[in-house]
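Architecture and fold: a report
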Amino acid sequence: MPRDPALLAECRALVGELRRLPTLATLHAAREWPELERRLRALLSTVRRHTPAREPRAPVDAGRVHAAHWNVEHGNWYSKVEAACLTHPQLAGADLVTLCEVDLGMARAANRDVAADLAATLGLHAVWAPLFLETTTGRDDDANASAGRDNQESLFGLAILSRWPIGETRIIELPSPSEYQFDVEGMYGRHIGLVAAIERPGAPFVAAAVHLEVHRTRRHRAAQMRVLVDGLRDERRPVIVGGDLNTNTFDRGRPWDPLVGAMVLAGWPEVVLRRRLLRPDRGCEPLFEPLRQAGFDWEPFNDRQPTLALRFVRLPEATGPFGSPLARPLLRRAERRALLRLDWFAGRGWSAGRGETVHGLDGPGRGSDHAPLVAEFW
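These numbers come from a predicted model, not from an experiment.

The next thing to look at is the packing of aromatic side chains. According to the stated counting rule, one finds 10 aromatic pairs in the structure shown. The interplanar angle of 70° and the centroid separation of 5.6 Å between the aromatic rings of F205 and W350 together place this pair among those described as edge-to-face. Of the two residues, F205 sits in strand β9 (residues 205-211) while W350 sits in the loop between β13 (343-348) and β14 (353-357), which places them 145 residues apart along the sequence. In this structure W350 comes out as buried when scored by relative accessible area, which is 16%. Relative to F377, the ring of F301 lies with its centre 4.3 Å away and its plane at 25°, an arrangement referred to as stacked. Of this pair, F301 sits in the loop between α11 (288-293) and β11 (308-309) while F377 sits in strand β15 (residues 373-377), and the two are 76 residues apart along the sequence. Members of the aromatic cluster, joined through ring pairs, are W164, F205, F301, F345, W350 and F377. One cation-aromatic arrangement involves R276 over F250; the distance from NZ or CZ to the ring centre is 4.4 Å. Just above the ring of W268 sits the side chain of R276; from NZ or CZ to the centre is 5.1 Å.

Structure representation (structure tokens):
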């Protein structure tokens, strides 16, 4: 897809400034911070739109919305994501697609505009909004995926793709662990909900894509969800929310959290552990309470299958004492059992629906580390 040279130049200039001021404290104390803040806010508050070359065909069933959600792991395995969206019997022909971890100009995803490329291939309308401007090529497996390339725009965000035209859009900013994400991970920005009006003929609705944080406690995720649903409080049209809610049922960020998590994953009886990990809405994750209070339902639109198999190599907590030879058998057992339900659909204003997890597209070397979801809203 054609790229915007002005956007590329601004992103590169801002990344250079952020690298020069590598902590949030030094950034905020810098003499040039007020101007940098204005430029960063302008960059991160801009929603990009993509229109297909021709209008998509009418849906197979006008009485339902066939939706898909996928955390695509930045687009690191873009060709497999694209192929699945085109040909997989559960994903192909979706009317609505919500996406998390969608890169624009990151080396790990071959510097693609992932949302634009996928929308063009599928022939759908699309909107994309950034969460973060990255100052590194990423974490975990990203160095290998980058293959020695440098970033271009260095942006990472959310996307919504739609068979029908997309009307007004807005960004709901969520409380975020900004200091950790900048000082430790080198990302400047915040978590958001991307909200879009879907102009379905005769039956318009609203779609929201969201990615909640994973670095702090379950209460932090619940606080983010309260802000999201409060932003949708006055919406009278039906709403579909698709997102990676990071409902792993554990807390992070405090000294004792790794030990508690390891003990639960390695020591709890299998049946009890699976109930906790695959049914986090039954008390372990308080974020579902604000959803319920705001009139959302999720039971019809989700099965109880895992969407991510945790890999401890991706957790900083798994180093240090947990990385010692004595702890390795415990970690291996915990990792085998850490099958998490992180991704969800929720809806309000729909009469019925059903949903399921799509198997076989998640894991190292596949489309993503997350499994996609599909759901029908009637």
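Core analysis: the biggest nonpolar cluster contains 44 residues, and L27, W70, L99, L133, L161 and Y188 have the highest contact counts within it. Membership of the second largest hydrophobic core comes to 28 residues, among which are F132, I166, A196 and F205.

With that settled, the discussion passes to a nonpolar patch on the surface. On the surface, W268, V271 and V272 cluster together to form a nonpolar patch covering roughly 250 Å² of accessible area. With respect to the helices, strands and loops of the structure, V272 is situated in helix α10 (residues 270-278).

Strand order in the open sheet made by the five strands is β6-β8-β9-β10-β13, with mixed pairing throughout. Looking at the sheet topology across the chains shown, the edges are occupied by β6 (166-173) and β13. Strand-to-strand twist across the sheet, computed as the mean angle between neighbouring axes with direction ignored, equals 15°. Sheet topology note: the β6/strand β8 (residues 192-198) ladder contains six bridges and is antiparallel. Bridge assignment links E173 to a residue of β8, and that residue is I192. Strand contacts of helix α8 (residues 218-231): β6, β8, β9 and β10 (239-244), with the helix running at about 145° to β6, the strand carrying the most contacts.

Before going further, it helps to spend a moment on the packing of helix α1 (residues 5-20) against helix α3 (residues 33-44). The description of two packed helices rests on the angle between their axes and on the distance between the axes. The interhelical angle for the contact between α1 and α3, taken along N-to-C directions, is 135°, at an axis separation of 11 Å. The orientation of α1 relative to α3 falls into the category oblique. The handedness of the crossing between α1 and α3 is left-handed. Here L7, E10, C11, A13, L14, E17 and L18 of α1 come into contact with α3, specifically with L36, R39, L40 and L43. For the contact of α1 with α3, a count of residues per class yields eight nonpolar, no polar and three charged.

Rules behind the numbers
Along each chain, residues carry numbers from 1 onward, in the same order as the chain's sequence is written. The model is predicted, so local features are restricted to residues of pLDDT at least 70 and side-chain atom pairs to those at 80 or more, both for listing and for counting; the totals for chains, interfaces and linings are taken over all residues. The side-chain figures draw on all heavy atoms in the structure; neither hydrogens nor water molecules are used. For Phe, Tyr and Trp, where Trp contributes only its six-membered ring, two rings pair if their centres lie within 6.5 Å, and the inter-plane angle classes them as stacked under 30 degrees, edge-to-face over 60, or tilted in between. To qualify as a helix, a DSSP run of H or I must reach at least 4 residues; to qualify as a strand, a run of E must reach at least 2; elements of each kind are numbered from the N terminus. Type-normalised accessible area, obtained with a 1.4 Å probe on protein chains alone, sets the label of each residue: buried when under 20%, exposed when over 50%, and partly exposed for intermediate values. Charge-over-ring contacts are defined here by two conditions on Lys NZ or Arg CZ: a distance within 6 Å of the ring centre and an angle within 35 degrees of the ring normal. Throughout, nonpolar core names a set of buried Ala, Val, Leu, Ile, Met, Phe, Trp, Tyr and Cys residues whose side chains join them through atoms within 4.5 Å. Only residues whose relative accessible area exceeds 30% and that form no salt bridge enter a patch; like-charged residues are grouped when within 9 Å of one another, and nonpolar side chains (Val, Leu, Ile, Met, Phe, Trp, Tyr) when within 5 Å. Computed with a 1.4 Å probe, the accessible areas rest on the Shrake-Rupley method; for each residue, only the protein chains presented here act as cover. Each salt bridge in this description consists of a side-chain nitrogen of Lys or Arg and a carboxyl oxygen of Asp or Glu lying within 4 Å of one another. Whether two strands pair comes down to DSSP finding at least two bridges between them. Convention adopted: a line fitted to C-alpha atoms gives each axis, helices being fitted over their contacting stretch, and angles between N-to-C directions are expressed from 0 to 180 degrees. Contacts are residue-level and defined by heavy atoms, with any inter-residue pair within 4.5 Å sufficient. Under this scheme an angle from 65 to 115 degrees is roughly perpendicular, one under 35 degrees roughly parallel, and one over 145 degrees roughly antiparallel; angles in between are oblique. Crossings are assigned a handedness: left-handed for a near helix turned anticlockwise from the far helix by less than a right angle, right-handed for a clockwise turn. Basically, the charged four are Asp, Glu, Lys and Arg, the nonpolar ten are Ala, Val, Leu, Ile, Met, Phe, Trp, Tyr, Cys and Pro, and anything else, Gly included, counts as polar.

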